[in-house]
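Reading the structure
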Amino acid sequence: MQIDTNHPVLVTGANGYVASWLVQRLLEEGLTVHVTVRDPANDAKVAHLKALDEQLPGTLKLFAADLLTEGSFAAAMEGCRVVFHTASPFVVRGISDGEKDLIEPAVRGTRNVLGSADATPSVHRVVLTSSVVAIYGDNADARGRRLTEEDWNTTSTANHQPYPCSKTRAEHAAWEMARAQSRWDLVVVNPGLVLGPSLSQSSNSESLAILGDLVKGKLRTGVPKLDMGVVDVRDVAEAHLRAGFLPQAEGRHILVSETVSMLDLANIIRAEHGGRFKLPRNTVPKPLVWLVGPFQGISRRFVARNVGHPLAFDNRKSRESLGLVYRPAQQTVLEHLQQMLDDGVVRG
Ligand code: NAP
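Residues numbered from 1 in each chain as written. Predicted model: local features only at pLDDT ≥ 70, side-chain atom pairs only at ≥ 80, totals over all residues. Heavy atoms only, no water.

Focus: the overall build of the chain
Along its length, the chain carries twelve helices and twelve strands. Against the compact-globule benchmark of 20 Å for 348 residues, the chain has a radius of gyration of 20 Å, which places it among compact chains. Once the C-alpha set of the chain is aligned to its principal axes, its extents read approximately 55 × 40 × 40 Å. Burial analysis of the chain (348 residues in total) assigns 56% to the buried set. Residue pairs in contact within the chain that sit at least 24 positions apart in sequence constitute 80% of those at least 6 positions apart. A total accessible area of about 14,900 Å² is found for the chain, and carbon and sulfur atoms account for 49% of it. Here the chain holds 38 positive side-chain charges and 38 negative ones, and the gap between their average locations is 6 Å. (Helix = DSSP H or I, 4+ residues; strand = E, 2+ residues; numbered from the N terminus. Rg over C-alpha atoms; globule rule 2.2 N^0.38 Å. Buried < 20%, exposed > 50% of the residue type's maximum accessible area, 1.4 Å probe, protein only. Contact = heavy atoms within 4.5 Å. Areas by Shrake-Rupley, 256 points an atom, 1.4 Å probe, with all protein chains shown as cover. Lys, Arg positive; Asp, Glu negative; His and termini not counted. Charge placed at Lys NZ, Arg CZ, Asp CG, Glu CD.)

And the structure:
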């Protein structure tokens, strides 16, 4: 892969869990990386990025930008050849207004960033961080098939699965804008649930909550039978880099190493750490999950359409077109847990 270090690149939402690893990878390549965060003065959000800038060959330039402020990415984008648009809220708990909290920032933000790409002559490629939830909404949508890049989520709404809805509408908006012009091309990555060590201590990413809940004993009485496609955060960063610089990269890319259940995650940890954590040992029968779900913020429709429905992904395109070699889920989970222990996020 040829990486032209003469032109800067832009990463939006650079302080995020996924984007921080991408920034690291770009700085390792010696690139000048323009990064946007909401508040560059918030040290808790940017200290790790500044540390990467000091340690690695590339150069970091910090800019302030908000998805909902028209034109706010223009200054950061000036002169950039590749734009990595990762910023988007990834929150699934405690959402009271899916439209306002998730869909609006995701869709308006994407239009805002890509509108600046339209107005910035140096931009030749935009890489969008979409998600597998733009491929399917509920596990039941897969109907036992292996999901591919041809599939689209058609079932999520602002009231049922608002986060998947936000990612689907944002990706549709991006393709619409890409097709309306010919200077820049759009390459999309669609990661599954991203796990693996975090460089940032201040991300709100749901990725960081899931493993925490498991090892803190919150789920010790049992977990629903829920399949998830997972992928290592470092492999997601590598996929972004390749999507940005491989000339032949095009279209969408499912990024999933393996499908695992919540119980599989617990079993991976137990096999390494024995009885150190209060991990679940069983799955809770679906009728019981259906009964108690609403008291734990899980709708009965979610239970009906996700619990017990198998999930499988075809990751061939990412392996063949991007040349991605996936870390196994076991390594991802154990190294993620080790980082949480080392940083004092969890105690065992
Ligand atoms: P994260 O750590 O919460 O990162 C989200 C980023 O978006 C943060 O930098 C956040 O800034 C920024 N953001 C949110 N609202 C914003 C706004 N109004 N204006 C500007 N920036 C805003 O979550 P992540 O897991 O790294 O997610 C990054 C991307 O990957 C998202 O597009 C997400 O949908 C996608 N993705 C994640 C996963 C996963 O499992 N983690 C899977 C598939 C796709 P603040 O820090 O200021 O809030």
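After presenting the structure, the write-up continues.
Considering the nonpolar core
Judged by nonpolar contacts, the single largest core of 42 residues is most densely connected at Val11, Leu26, Phe84 and Phe245. At eight residues, helix α1 (residues 17-28) tops the list of elements feeding residues into this core. Setting aside residues up to four positions removed in sequence, Leu26 forms contacts with Val9, Val11, Leu31, Val33, Phe84, Leu241 and Phe245. The next biggest cluster of nonpolar side chains, apart from the first, holds 26 residues, and it includes Leu193, Leu265, Ile268 and Phe277. (Core = buried A, V, L, I, M, F, W, Y, C linked by side-chain atoms within 4.5 Å.)

Let's talk about the site of the ligand
Close to the ligand lie 27 residues; Asn15, Tyr163, Ser203, Ser205 and Ser207 are nearest. Contacts to the ligand include Ser205, whose side-chain N or O atom sits 2.7 Å from an oxygen atom. Residue Ser207 places a side-chain N or O atom 2.7 Å away from a nitrogen atom belonging to the ligand. A total of 880 Å² of accessible area belongs to the ligand in isolation, and the protein chains cover 94% of it. Broken down by secondary-structure element, the contributors of at least two residues to the shell around the ligand are α1, α5 (162-179) and β8 (193-195). (Near = heavy atom within 4 Å. Polar contact = N/O pair within 3.5 Å; in protein donor to acceptor, adjacent residues only side chain to side chain.)

Overview of the packing of helix α6 (residues 206-215) against helix α12 (residues 329-342)
Where α6 meets α12, the closest approach of the two axes is 11 Å, and the angle between their N-to-C directions is 80°. When the axes of α6 and α12 are compared, the pair comes out roughly perpendicular. Contact residues: Ser207, Leu208, Leu211, Gly212 and Val215 in α6; Val333, His336, Leu337 and Met340 in α12. Taken together, the residues of the contact of α6 with α12 sort by class into six nonpolar, three polar and no charged. (Axes fitted to C-alpha atoms, helices over the stretch in contact; angles between N-to-C directions. Parallel < 35°, antiparallel > 145°, perpendicular 65-115°, else oblique. Nonpolar A, V, L, I, M, F, W, Y, C, P; charged D, E, K, R; others polar.)

Let's talk about helix α2 (residues 43-55)
Between its first and last C-alpha atoms α2 spans 18 Å; for 13 residues at 1.5 Å apiece the expected length is 18 Å, and the two agree. Within the span of α2, buried status applies to Val46, His48, Leu49 and Leu52. Buried residues of α2 fall within an arc of 145° about the axis and therefore sit on the same side. Away from its buried face by more than 90 degrees, α2 exposes Ala44, Glu54 and Gln55. The elements touched by buried residues of α2 are α1, β2 (32-37) and β3 (59-64). For α2, the capping residue at the N-terminal end is Asn42, with a side-chain oxygen 3.1 Å from the backbone nitrogen of Ala44. (Expected span 1.5 Å × (residues − 1). Arc of directions from axis to C-beta.)

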